[in-house]
Amino acid sequence: MSDYRSEWLHDPAGLAAQMPAGFTMGVATAAFQVEGAVREDGRGPSTWDTFMAQPGRIADGSDASVTDDHYHRYREDVALMKELGVDAYRFSLAWPRIQPGGTGPANKAGIAFYDRLIDELLAAGISPVATLFHWDMPEPLQHKGGWMTRDTASRFADYALLAAQAFGDRVDKWITLNEPTSVTLNGYALGVHAPGATLMFDSLPAVHHQLLGHGLAVQALRSENVTGGIGITNIHSPVVPAKDNFTTRGYAEVFDLVHNRIFADPVLLGHYPKFPFLARKLFKPLIEVDSDDLKTIHQPLDFYGLNYYAPTRIAAGPPADDRSPDGTPAPGLRGLPFHLASFPEFPTTGFGWSIAPEYLEVTLKDYAERYAGVLPPVYITEGGASFDDVVAADGSVDDADRASYLAEHLAVAFASVPGLDLRGYFAWTLMDNWEWAAGFGERFGLVRVDFETLERTPKRSYRWLQQLIASRSS
Ligand code: FCB
């Protein structure tokens, strides 16, 4: 619990009055973080199953084999969403449930689970928003190199086709990839997420192959004439140099390239960004790519998904220690000539992330400017905060800090930014879940989950959002 408070905490109706007409309010989750049932109904192992079993990988030593048991309790969870009043639910399809070995025909039991979930959502009047890849790569494909292997892009398109054939008539929005940035940086460069590779700049082919997979998957979905819109989700963090000097500005520029631009530019502009002369050697794998690949990556999109949590401040000099934000070791950080510094002026979440809604506005303005004229409608597909929730004697959770985080970010999202058509906001996340390498240590949910009994209890943030949604006029 922190003492972060918004002026909207006691006036959700006042904030609702600022919501643009037709704005989508949603909640988001990801398969591996909520489903559990990892060995049921023919699901194959994923790269995260392997990773979480390795000693020292997960901060609290936990694993996601049960987590929220959403696989069996999805009806209860959809009922919670209905009571909350959201318009849409963003979830992910687990590739290893649909193709247990990463190739070949669809696993009927895997398809049947998502059929049940989608139908339950539609019956509740909630639009299904399906992410195809939220990090759980089938292990056999990881054995062949995962995203470091070009062939994985084609395998991903095959899987997208199966998903389109099964759910193309009912899914309202398709998101090909979730945060290729995080997969590359955390998974392939620093090794703090699955698959645990520590390739640093040698990980750049994973960028290109994910983006190629995105382009091929869009083509596969279109070839099946899916009725829903198609987009991609990336996380954007505005980058600020800690000092206004040549060196620090240079490091901040490189970080903006690796975190933001090398993902968004090819998708929206059809080319990789121009790399600073001194860094050209590092970015060679992205400079020498085939121009046909860039055409494939540059598919027309119906929307663009942005995840926004916090800005990044870059300071010169190596980090003081090699801990990742998850609390697990990331030795590669030591070799870097710069480090992530905190913003002294902002309060922080449980994860230590800066609470800075003004940088959501910076993000939206950056996009409007960088991608002027080519940016499709935008959805904030994730935003939220982890805090150390305090459970009262009666079981309730008064998370005024989380409600405040949402309020302040929604206030920014509701205000218009010229050149940007923002259509919705998805809160991360419906319920507490397994937060990757942080395990059960970081709670982001609007709903409290007791991981012993799996009991769900709406927190104050849930009630606050419910009031906001109930009081909007359209
Ligand atoms: C995002 C991920 C999501 C969750 C939140 C806190 O980067 O997409 O799965 O871990 O962060």
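Residues numbered from 1 in each chain as written. Predicted model: local features only at pLDDT ≥ 70, side-chain atom pairs only at ≥ 80, totals over all residues. Heavy atoms only, no water.

What should I look at first to understand the overall build of the chain in this one?
In terms of regular secondary structure, the chain is built from 16 helices and 13 strands. Relative to the globule expectation of 23 Å for 474 residues, the C-alpha radius of gyration of the chain, 21 Å, shows essentially globular dimensions. By principal-axis analysis of the C-alpha atoms, the chain measures approximately 60 × 55 × 50 Å. Within the chain, buried positions represent 61% of all 474 residues. (Helix = DSSP H or I, 4+ residues; strand = E, 2+ residues; numbered from the N terminus. Rg over C-alpha atoms; globule rule 2.2 N^0.38 Å. Buried < 20%, exposed > 50% of the residue type's maximum accessible area, 1.4 Å probe, protein only.)

Is there a simple way to explain helix α6 (residues 108-123) in this structure?
Every α-helix winds through 3.6 residues per turn, so residues three or four apart in the chain are directed the same way. Across its 16 residues, α6 extends 22 Å between first and last C-alpha, which sits within 8% of the 22 Å expected from 1.5 Å per residue. The set of residues buried in α6 consists of G110, I111, F113, Y114, L117, I118 and L121. Buried residues in α6, looked at end-on, bunch into an arc of 155°, giving them a common side. Pointing more than 90 degrees away from the buried face of α6 are the exposed residues K108 and A123. Contacts from the buried residues of α6 go to α2 (31-34), α4 (70-84), β2 (88-92), α5 (95-98), β3 (127-133) and α8 (151-167). Positive phi shows up at G125, right after α6, with a value of about 75°. (Expected span 1.5 Å × (residues − 1). Arc of directions from axis to C-beta. Contact = heavy atoms within 4.5 Å.)

So what exactly am I meant to see when it comes to the site of the ligand here?
What surrounds the ligand is the set Q33, H134, W135, N178, E179, Y309, E382, W428, E435, W436 and F444. Within the side chain of H134, one N or O atom sits 2.8 Å away from an oxygen atom of the ligand. Here an oxygen atom of the ligand and a side-chain polar atom of E179 are 2.6 Å apart. The protein chains hide 95% of the 300 Å² of surface that the ligand would expose on its own. Considered class by class, the residues forming the shell around the ligand number five nonpolar, three polar and three charged. (Near = heavy atom within 4 Å. Polar contact = N/O pair within 3.5 Å; in protein donor to acceptor, adjacent residues only side chain to side chain. Areas by Shrake-Rupley, 256 points an atom, 1.4 Å probe, with all protein chains shown as cover. Nonpolar A, V, L, I, M, F, W, Y, C, P; charged D, E, K, R; others polar.)

Would you mind showing me how to read unusual backbone geometry here?
The peptide bond linking A194 to P195 adopts the cis configuration, its omega dihedral lying at 5°. Structurally, P195 is set in the loop between α9 (180-189) and α10 (204-223). Going from W428 to T429, the amide bond is cis rather than trans, its omega being 15°. Mapped onto the elements, T429 comes out in the loop between β11 (422-428) and β12 (447-449). In this structure, W135 takes a positive phi of about 90° despite not being glycine. By the element assignment, W135 lies in the loop between β3 and α7 (139-143). Looking at W135, the relative accessible area reads 9%, which means it is buried. Positive phi outside glycine occurs at M200, with the angle close to 45°.

Help me understand the nonpolar core, please; the structure alone is not making it clear to me.
Considering soluble globular proteins, one finds that nonpolar side chains tend to be buried as a cluster. Grouped together as the largest cluster of nonpolar side chains are 159 residues, with contacts concentrated most on L93, F167, W174, W464 and L468. The contacts of W464, once residues within four sequence positions are left out, are W8, L9, P12, L15, A403, L406, A407 and L410. (Core = buried A, V, L, I, M, F, W, Y, C linked by side-chain atoms within 4.5 Å.)

Where do I start with a negative patch on the surface in this structure?
Taken together, the side chains of E76, D450, E452 and E455 make up a negatively charged region of the molecular surface. Mapped onto the elements of the fold, E452 is located in the loop between β12 and β13 (456-458). Classification of E452 by relative accessible area gives exposed; the value is 75%. (Patch = residues over 30% accessible without salt bridge, like charges linked within 9 Å, V, L, I, M, F, W, Y side chains within 5 Å. Salt bridge = Lys/Arg side-chain N within 4 Å of Asp/Glu carboxyl O. Lys, Arg positive; Asp, Glu negative; His and termini not counted. Charge placed at Lys NZ, Arg CZ, Asp CG, Glu CD.)

For this particular structure, what's the right way to read the packing of helix α14 (residues 357-370) against helix α15 (residues 400-414)?
Packed helices, taken two at a time, are described by their axes: the angle between them and the distance between them. It is the contact of α14 with α15, at a shortest axis distance of 8 Å, that shows an interaxial angle of 30°. As far as their axial angle goes, α15 and α14 are roughly parallel. In this structure, α14 meets α15 at a crossing whose hand is right-handed. Taking contact as the criterion, the partners of P357, L360 and E361 in α14 are, on α15, E408, H409, V412 and A413. Classifying every residue of the contact of α14 with α15 gives four nonpolar, one polar and two charged. (Axes fitted to C-alpha atoms, helices over the stretch in contact; angles between N-to-C directions. Parallel < 35°, antiparallel > 145°, perpendicular 65-115°, else oblique. Left-handed = near helix turned anticlockwise from the far one by under 90°.)

Could you clarify how one ought to interpret the sheet that holds strand β5 (residues 229-235) in this entry?
Two strands in a sheet stick together by hydrogen bonds in their backbones, pointing the same way (parallel) or opposite ways (antiparallel). Taken together, eight strands build a closed barrel; the order of strands is β1-β2-β3-β4-β5-β7-β10-β11 and the barrel is parallel. Across the sheet, the mean angle from the axis of one strand to that of its neighbour is 25°, orientation sign disregarded. Where β2 and β3 come together, five bridges link them in parallel fashion. Residue pairing across strands places R90 opposite V129, the latter belonging to β3. Across the sheet, α10 is in contact with β3, β4 (173-178) and β5; its angle to β4 comes to roughly 160°. Against the sheet, α14 engages β7 (304-307), β10 (378-382) and β11, with an angle of about 150° to β7. (Pairing = 2+ DSSP bridges.)

Please clarify how helix α11 (residues 246-269) should be interpreted in this entry.
Between the first and last C-alpha of α11 there are merely 28 Å, a value that for 24 residues lags more than 12% behind the 34 Å anticipated at 1.5 Å per step. Once α11 finishes, G270 follows within two positions and takes phi at roughly 85°, a positive value.

Would you mind showing me how to read the pairing of β3 here?
If a strand is regular, its side chains alternate between the two faces of the sheet. Along β3, six of the seven residues are buried, which leaves the element largely enclosed by surrounding structure. Taken together, the four bridges between β3 and β4 define a ladder with parallel strand orientation. The residue of β4 that forms the bridge with V129 is K173.

What exactly am I supposed to notice about the sheet that holds strand β8 (residues 312-316) here?
The three strands lie next to each other as β6-β8-β9, forming an open sheet whose pairing is mixed. Of all the strands in the sheet, just β6 (239-241) and β9 (338-341) have a single pairing partner and so form its edges. Across this sheet, the average inter-strand angle for adjacent strands is 35°, counted without regard to direction. As defined by bridge partners, β8 adjoins β9 across four bridges and the pair is classed as antiparallel. Within β9, the position partnered with A315 by the bridge is H339. Lying on the sheet, α11 is in contact with β6, β8 and β9; it crosses β8 at an angle near 135°.

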